[in-house]
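# Residue-level structural notes
Each chain, letter by letter, is given below.
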Amino acid sequence: MRRFSGLQAVLFDLDGTLLDSAPDLGSAAESLRLARGLPPLPLALYRAHAGSGARGMLRVAFDMAPDHQDYAVLREAFIDAYEARMLELTQPFEGVLALVDALNGSRMPWGVVTNKAERLTHPLARALSLFDSAGAIVCGDTTPHSKPHPAPLLEAARRLGVNPTRCLYVGDDERDIQAGRAAGMQTVAARYGYLGPGADVASWGADALIDAPLDVLNLIDLP
């Protein structure tokens with residue numbers, strides 16, 4: 001297994017990497033279906049698409065793409081519904097708390113880079129003590145670009161005061177790996193996350209693959 005030495009920071013994607021938010025995302029989409037008299041769908045159908053946020057949830061709930069004439073209205077309705085319940089079932093994946101404790105115990109800076117909007121990310125971060133020690137939280141609308149553009153990752157490195165080339169970025173979406181590579185970072189693909197139907201994780205070009213959050217500790221040399 002590859003190990004990464006000389007790291008100055010570890011960065012993580014949020015949904016599907018640190019947090020299991022699929023139950024709340026799926027429930028928000030389901031509330032829109034029920035409000036329109038549509039029959040319920042199993043929440044399991046939403047899970048694989050949770051990494052795509054509103055776009056993924058509306059695809060499952062209504063078979064609707066962003067170019068649909070009603071997409072913008074339903075997207076805002078979904079965000080409102082999700083915002084109202086996003087802390088009901090969401091929780092860190094098993095092992096995430098121990099992973100963060102290990103990073104903190106070794107004084108390894110860590111942070112979050114997500115495509116989730118600040119409107120949704122910051123309330124989550126304030127509500128969950130997990131994020132009290134995060135040195136940077138960069139959202140999808142923090143910079144002019146979102147992943148797969150490298151700008152959010154470079155902003156996180158700037159906030160942490162570290163060299164991007166000495167950062168490790170962990171994510172469960174191909175866009176995470178693309179953004180990390182474009183920023184000059186080492187990348188790790190989380191195979192336990194919201195991979196999407198038929199995802200070929202090995203083809204993403206990540207420097208390493210993990211099957212559980214604590215696997216990160218097997219890849220890095222902590223101070």
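Quick summary incoming for the structure in this document. (Residues numbered from 1 in each chain as written. Predicted model: local features only at pLDDT ≥ 70, side-chain atom pairs only at ≥ 80, totals over all residues. Heavy atoms only, no water.)

## Here's the deal with helix α1 (residues 22–35)
Let me state the cut-off plainly: Where helices and strands are cited, they refer to DSSP runs of H or I of at least four residues and of E of at least two residues respectively, numbered from the N terminus. Here, expected helix span is obtained from the residue count minus one, scaled by 1.5 Å. For each residue, the accessible area found with a 1.4 Å probe, counting protein chains only, is set against the maximum for its type, and the residue is called buried under 20%, exposed over 50%, and partly exposed in between. Note on contacts: a residue pair qualifies if any of its non-hydrogen atoms lie within 4.5 Å across the two residues.
For α1, built from 14 residues, the straight-helix expectation of 20 Å at 1.5 Å per residue is met to within 8% by its first-to-last C-alpha distance of 20 Å. In terms of burial, α1 is a largely internal element, 10 of the 14 residues being buried. What α1 keeps buried is the set A22, D24, L25, G26, S27, A28, A29, E30, L32 and R33. Next to the buried residues of α1 lie β2 (19–20), α2 (44–47), α3 (53–62) and α4 (71–85). The positive-phi residue at the C-terminal boundary of α1 is G37, with phi of around 75 degrees.

## Quick word on the layout of surface pockets
We count it as follows: In the cavity and pocket records, a cavity denotes points on a 1 Å grid over the protein atoms alone where a 1.4 Å probe fits but cannot get out, a pocket denotes an open set with protein on both sides within 12 Å along at least 5 of 7 lines, and lining residues are residues with an atom within 4 Å of a point. Grid points are joined across faces, edges and corners, and a volume is the space filled by probe spheres set on the points.
Considering only enclosed or pocket space, the largest pocket measures out at about 630 Å³ in volume. Surrounding the largest pocket, 30 residues form its lining, S52, G53, A54, N115 and K116 being those nearest its centre. Elements supplying a minimum of two residues to the lining of the largest pocket: α3, α4, α6 (118–127) and α8 (174–182). Per element, the largest residue contribution to the lining of the largest pocket is 6 residues, and it comes from α4.

## Section: the environment of G111
When you line up the elements, G111 lands in strand β4 (residues 110–113). When the C-alpha atoms of G111 and P148 are compared, they prove to be 17 Å apart, with 37 residues separating the residues in sequence. For G111, the contacting residues outside a window of four places in its chain are V10, L11, F12 and A136.

## Observations concerning the pairing of β4
Just so we agree on the cut-off: The criterion for strand pairing is that DSSP finds at least two bridges linking the strands in question.
Along β4, one buried face is formed by W110 and V112 and the opposite face, lined by G111 and V113, is buried too. One ladder, built from 3 bridges, connects strand β1 (residues 9–12) with β4; its direction is parallel. If you follow F12 over to β4, its bridge partner there is V112. Bridge analysis of β4 against strand β5 (residues 136–138) gives 3 bridges, and the strand direction is parallel.

## Overview of the packing of α1 against α4
Think of two packed helices as two axes; the pair is described by the angle between the axes and how far apart they sit. The following threshold applies: Inter-axis angles, ranging from 0 to 180 degrees, are taken between N-to-C directions of lines fitted to C-alpha atoms, where helices are fitted over the stretch in contact. Oblique is the label for any angle not covered by the other classes, which are roughly parallel (under 35 degrees), roughly antiparallel (over 145) and roughly perpendicular (65 to 115). With the far helix as reference, a near helix turned anticlockwise by less than a right angle produces a left-handed crossing, and one turned clockwise produces a right-handed crossing.
Where α1 contacts α4, the axes come no closer than 8 Å and their chain directions differ by 125 degrees. Judged on the interaxial angle alone, α4 and α1 are oblique. When the axes of α1 and α4 are compared, the crossing they make is right-handed. The segment α1 lies against α4, with D24, L25, S27, A28, A29, S31 and L32 engaging L74, A77, F78, A81, Y82 and R85.

## Digging into empty space enclosed by the protein
Where we set the bar: All amino acids are sorted into three groups, where Ala, Val, Leu, Ile, Met, Phe, Trp, Tyr, Cys and Pro are nonpolar, Asp, Glu, Lys and Arg are charged, and the leftover types, Gly among them, are polar.
Under the definition given, this model contains 1 cavity of 30 Å³ or more. The space that makes up the largest cavity amounts to roughly 30 Å³. If one sorts the elements of the lining of the largest cavity by residue count, α6 sits on top with 3 residues. For the lining of the largest cavity, the per-class residue count stands at 6 nonpolar, 1 polar and no charged.

## Side note on the sheet that holds β5
Taken in spatial order, the 6 strands of this open sheet run β5-β4-β1-β6-β7-β8, and their pairing is parallel. The sheet is open, and its two edges are formed by β5 and β8 (208–210), each paired on a single side. Sheet twist, expressed as the mean angle between neighbouring strand axes with direction ignored, is 20 degrees. Of the pairings in the sheet, the one linking β1 to strand β6 (residues 167–171) comprises 4 bridges and is parallel in character. Across the sheet, residue F12 finds its bridge partner in β6, namely V170. The strands that helix α7 (residues 151–160) touches are β1, β4, β5 and β6; relative to β5, the one it contacts most, it runs at about 160 degrees.

## Focus on the environment of S5
Its location among the elements puts S5 in the segment before β1. Under the relative-accessibility criterion, S5 is labelled exposed at 58%. Along the chain, S5 and K116 lie 111 residues apart, while their C-alpha atoms are 30 Å from each other.

These figures capture arrangement, not role.
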